[in-house]
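# Descriptive structure summary
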Amino acid sequence: MNWSKIIVFFIFFSHINTLFSQKNDIIPTPTEQTINSGFMEIENSPKIITENNFNSAATLFKNAIKKLDLNSKKRTKNKIKFSLNEKLSEEEYILKINKDQITIEALTETGAIFGFQSLYQLMNLNLKNGVVKLQNQVIKDSPRFKYRGMHLDVGRHMYPIAFIKKYLDGLAMLKFNNFHWHLTEDQGWRIEIEKYPELNNIGSYRDSTLIGHYSDKPWQFDKTRYGGFYTKKEIKEVVRYAEERGINVIPEIEMPGHSQAAVSSYPELGCTGEQVGVAPLWGVFKEIYCSKNETFDFLEEIIDEVAELFPGKYIHIGGDEAPKTNWKACGNCQNIINREELKDEHELQNYFITRMEKYINSKGKQIIGWDEILEGGLAPNATVMSWRGVIGGIEAAKMNHEVIMTPNATCYLDHYQAKDISNEPLAIGGYTPIEEIYNYEPIPEELDKSLHKYIIGAQGNVWTEYMKTSDHVEYMVFPRIFALSEVVWAEDRPSFNDFENKVTGMYPILDKMDINYSKHFERLEK
Ligand code: ACM
Ligand code: ZN
């Protein structure tokens, strides 16, 4: 063979390769992906065979196919089979793509849904001129951590139910399995409670909101009424929508702090009994629940209604940032400290949380609390969300409690994602570029190996003081959520450069989902 022939041959093959090479990258990275020769072409909806009532997965597939807008509406011999494999673990799946059949094997519906999500990415990445052409392959996949969470604060700003569903679509695509819905705040109470209607009549609305950043002094306010709440019907709709996507919804009902909206609705719940307003400003406020019996009666009745709406095992009780100023000056609170022989107001907080935990446990639920619940003693069955760094998480693990890592430096998506903020939308501060999240290791180095099992996962938090619109939420969340999905799902992450290529390769999917993503891919300074 002479050189010119070799070159022609080479050009021919590289051309063939660009013509036929399929995109096989999935985020988060699957445990095992074996690429085989041959392709499957989907020009129209394959016949769907469903075993073991994997109906949610099958419905997701059906809807995804509709949105692909394939060339032909006729059926061909292509099939997709959702099938039971009893050898797999809870969230595991096997996705097999062959010439004329796709098989998704799973033990549970959740596993089948995750298998679908991988297929969803592959189908959308390989759609051209109304035809999906998939490379034959086998994916065997299961998550590293059992808790993979994303949070959304709807107290500071709230968003339509349609957006909550869109947010869930984003979480589902990346195989997150917990949506932490932060429903009560100083600036607004967002969940309908029938027994206490003033929570919604008064507590769901503020008269005014801070203009600009908290640090812009003097403070100015917009003097515009803002608010609303999610009805029980809407909440049920969200819970069902999440469930159909393998996502559990965790409601957060803050106590004893971040409760100014509740205290403004029922001033008798505070220590002073004074009328306060729903907060127009961001921050930490001293108007917290008093520790008297009436508060527990109130909170227990709220928990009754909340527990009925959310079928999952967790109720988040907050527990963070509760100044003890009013408790120190309150006869009721001081009487409890004396009666219960407590050392101080921190132990009173522990009494408060433990008492609520007992009630929540009696309803078959478990509490999660921010790491302040470690102060003054930890409620016996609590899961701790470590946000003020990782120390709280380590301490809780040492006490044999389960821990969800969400250290603010790494997991707070309300931070800036670019160093140069001149063109960035206003944020609370901080700097958490995507690479920082990508490099995050949820198990702290200093934690003894025997305690690793207590770190059940990690979560990204989205506090919305400065996010007035859902577009802004999307900008803060995407693409950093891709990095977090790798952290909580993948055993082995590719290099950051490869990850960047994978994410940018998925921009067309985000466009199709109408997600307003940022394009920052800043490197950490080494
Ligand atoms: C928190 O960021 N206050 C949990
Ligand atoms: Zn009090």
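Being a predicted model, the structure only gives us computed values, none of them experimental.

Further remarks concern the overall build of the protein chain. Each helix and strand in the protein chain was counted, giving 18 helices and 23 strands. Over its C-alpha trace the protein chain gives a radius of gyration of 25 Å, about what one expects of a compact globule, namely 24 Å for 526 residues. Principal axes of the C-alpha set define a box for the protein chain whose edges measure 95 × 50 × 50 Å. Taking all contacts inside the protein chain whose residues are at least 6 apart in sequence as the whole, residues at least 24 apart take part in 72%. Roughly 22100 Å² of accessible area belongs to the protein chain as shown, and the carbon and sulfur atoms make up 50% of that amount. For the protein chain, the distance from the average position of its 60 positive side-chain charges to the average position of its 74 negative side-chain charges is 8 Å.

In the first shell of the zinc ion (ligand 2), the protein supplies Cys271 (SG), Cys290 (SG), Cys330 (SG) and Cys333 (SG), at 2.3 Å from the metal. Metal-centred angles of 107 to 113° between the 4 donor atoms at the zinc ion (ligand 2) mark the site as tetrahedral. Here the donor residues of the zinc ion (ligand 2) share one chain and are spaced in sequence as C-x18-C-x39-C-x2-C. Residue Cys271 is found in the loop between α7 (260–265) and α8 (293–309), and its partner Cys290 is found in the loop between α7 and α8; the two are separated by 19 residues along the sequence.

The parallel closed barrel is built from 8 strands, whose spatial order is β8-β9-β16-β17-β18-β19-β20-β23. The mean angle between the axes of side-by-side strands here comes to 30°, regardless of whether they run parallel or antiparallel. Sheet analysis places strand β19 (residues 383–386) next to strand β20 (residues 403–405), joined by 3 bridges and oriented parallel. Pairing of Ser386 across the sheet is with Met405, part of β20.

Below, the discussion takes up the nonpolar core. One broad trend across soluble globular proteins is that nonpolar side chains are buried collectively. If you look at the biggest cluster of nonpolar residues, it comprises 153 residues, and the most contacted ones within it are Trp181 and Phe482. Ranked by the residues each element gives to this core, the list is headed by helix α3 (residues 109–125), at 9 residues. Discounting chain neighbours no more than four positions away, the residues touching Phe482 are Ile27, Met173, Leu174, Phe499, Val503, Met506 and Leu510. The next biggest cluster of nonpolar side chains, apart from the first, holds 11 residues, and it includes Ile368, Ile404, Tyr412 and Ile456.

Pairing between side chains of opposite charge can happen when their charged atoms approach one another. Evaluation of the coordinates by the stated rule reveals 25 salt bridges. We note a salt bridge from Arg156 to Asp153, for which the minimum N-O separation is 3.0 Å. Where Arg339 meets Glu340, a salt bridge forms, and the shortest distance between an N and an O atom there is 2.9 Å. Residue classification places Glu340 among the partly exposed residues on the basis of a relative accessible area of 33%. Among the charged side chains, a network of salt bridges with common partners joins Asp153, Arg156, Glu185 and Glu465.

On to the side chain of Asp371. With respect to the element layout, Asp371 can be found in the loop between β18 (366–370) and β19. Other than its neighbours up to four places away in sequence, Asp371 contacts Val384, Met385, Ser386, Trp387, Arg388 and Gly392.

Attention now moves to the packing of aromatic side chains. Evaluation of the coordinates by the stated rule reveals 27 aromatic pairs. Measuring from ring centre to ring centre gives 6.2 Å for Phe478 and Phe482, while their planes differ by 70°; the resulting arrangement is edge-to-face. In this structure, Phe478 and Phe482 share a single accessibility class: buried. Here the aromatic cluster, defined as three or more aromatic residues joined through ring pairs, consists of Tyr159, Phe163, Tyr167, Phe179, Trp181 and Tyr230. A cation sits over an aromatic face here: Lys175 above Trp489, 5.5 Å from the ring centre. We note Arg355 situated over the ring of Phe296; from NZ or CZ to the ring centre the distance is 4.0 Å.

Time to look at the side chain of Ser83. Relative to the helices and strands, Ser83 resides in strand β3 (residues 79–84). A residue is classified by how much of its surface remains accessible, and Ser83, at 9% relative accessible area, is buried. With residues up to four places along the chain from it excluded, the contact list for Ser83 reads Glu51, Phe54, Thr103, Ile104, Glu105 and Ala106.

Put simply, Lys217 and Pro218 share a cis peptide bond, and its omega is -5°. Position of Pro218 among the secondary structure elements: in the loop between β13 (210–211) and β14 (220–221). Put simply, Met255 and Pro256 share a cis peptide bond, and its omega is -10°. As for its placement among the helices and strands, Pro256 is situated in the loop between β16 (248–255) and α7. Phi at Asn400 takes a positive value of approximately 60°, unusual for a residue other than glycine. Position of Asn400 among the secondary structure elements: in the loop between α12 (391–398) and β20.

Turning next to the environment of Gly212. In this fold, Gly212 is placed in the loop between β13 and β14. A sequence separation of 97 residues divides Gly212 from Leu309, and the C-alpha atoms of the two residues are 36 Å apart. Leaving out residues up to four positions away in the same chain, Gly212 has contacts with Leu426 and Tyr466.

Glancing now at the confidence of the model for the protein chain. Per-residue confidence for the protein chain averages 95 on the pLDDT scale, and 96% of its residues sit at or above 70. Mean pLDDT across the elements of the protein chain bottoms out in helix α1 (residues 3–20) (42) and peaks in strand β9 (residues 178–182) (99). Counting contacts from residues 1–20, a segment whose pLDDT is below 50, to residues more than four positions away or on other chains yields 4 contacts.

All right, on to the environment of Pro160 then. Among the structural elements, Pro160 can be located in the loop between β8 (147–153) and α4 (161–173). Measuring from C-alpha to C-alpha, the distance between Pro160 and Phe114 comes to 26 Å, with 46 residues separating the pair along the chain.

The end-to-end C-alpha separation of helix α11 (residues 345–362) is 26 Å, in line with the 26 Å expected for 18 residues at 1.5 Å each. Contacts from the buried residues of α11 go to β16, α8, β17 (314–318), α9 (325–328), α10 (331–339) and β18. One side-chain oxygen at the N-terminal end of α11 lies 3.1 Å from the backbone nitrogen of His346; it belongs to Asp344.

Thresholds applied
- Residues numbered from 1 in each chain as written.
- Chains lettered and ligands numbered in written order.
- Predicted model: local features only at pLDDT ≥ 70, side-chain atom pairs only at ≥ 80, totals over all residues.
- Heavy atoms only, no water.
- Helix = DSSP H or I, 4+ residues; strand = E, 2+ residues; numbered from the N terminus.
- Rg over C-alpha atoms; globule rule 2.2 N^0.38 Å.
- Contact = heavy atoms within 4.5 Å.
- Areas by Shrake-Rupley, 256 points an atom, 1.4 Å probe, with all protein chains shown as cover.
- Lys, Arg positive; Asp, Glu negative; His and termini not counted.
- Charge placed at Lys NZ, Arg CZ, Asp CG, Glu CD.
- Donors = N, O, S within 2.8 Å, 3.2 Å for Na, K, Ca; no water.
- Tetrahedral: all angles 85-135°; square planar, octahedral: opposite > 155°, others 65-115°.
- Pairing = 2+ DSSP bridges.
- Axes fitted to C-alpha atoms, helices over the stretch in contact; angles between N-to-C directions.
- Core = buried A, V, L, I, M, F, W, Y, C linked by side-chain atoms within 4.5 Å.
- Buried < 20%, exposed > 50% of the residue type's maximum accessible area, 1.4 Å probe, protein only.
- Salt bridge = Lys/Arg side-chain N within 4 Å of Asp/Glu carboxyl O.
- Phe/Tyr/Trp six-rings, centres within 6.5 Å; stacked < 30°, edge-to-face > 60°.
- Lys NZ or Arg CZ within 6 Å of the ring centre and 35° of its normal.
- pLDDT = per-residue confidence, 0-100.
- Expected span 1.5 Å × (residues − 1).
- Polar contact = N/O pair within 3.5 Å; in protein donor to acceptor, adjacent residues only side chain to side chain.

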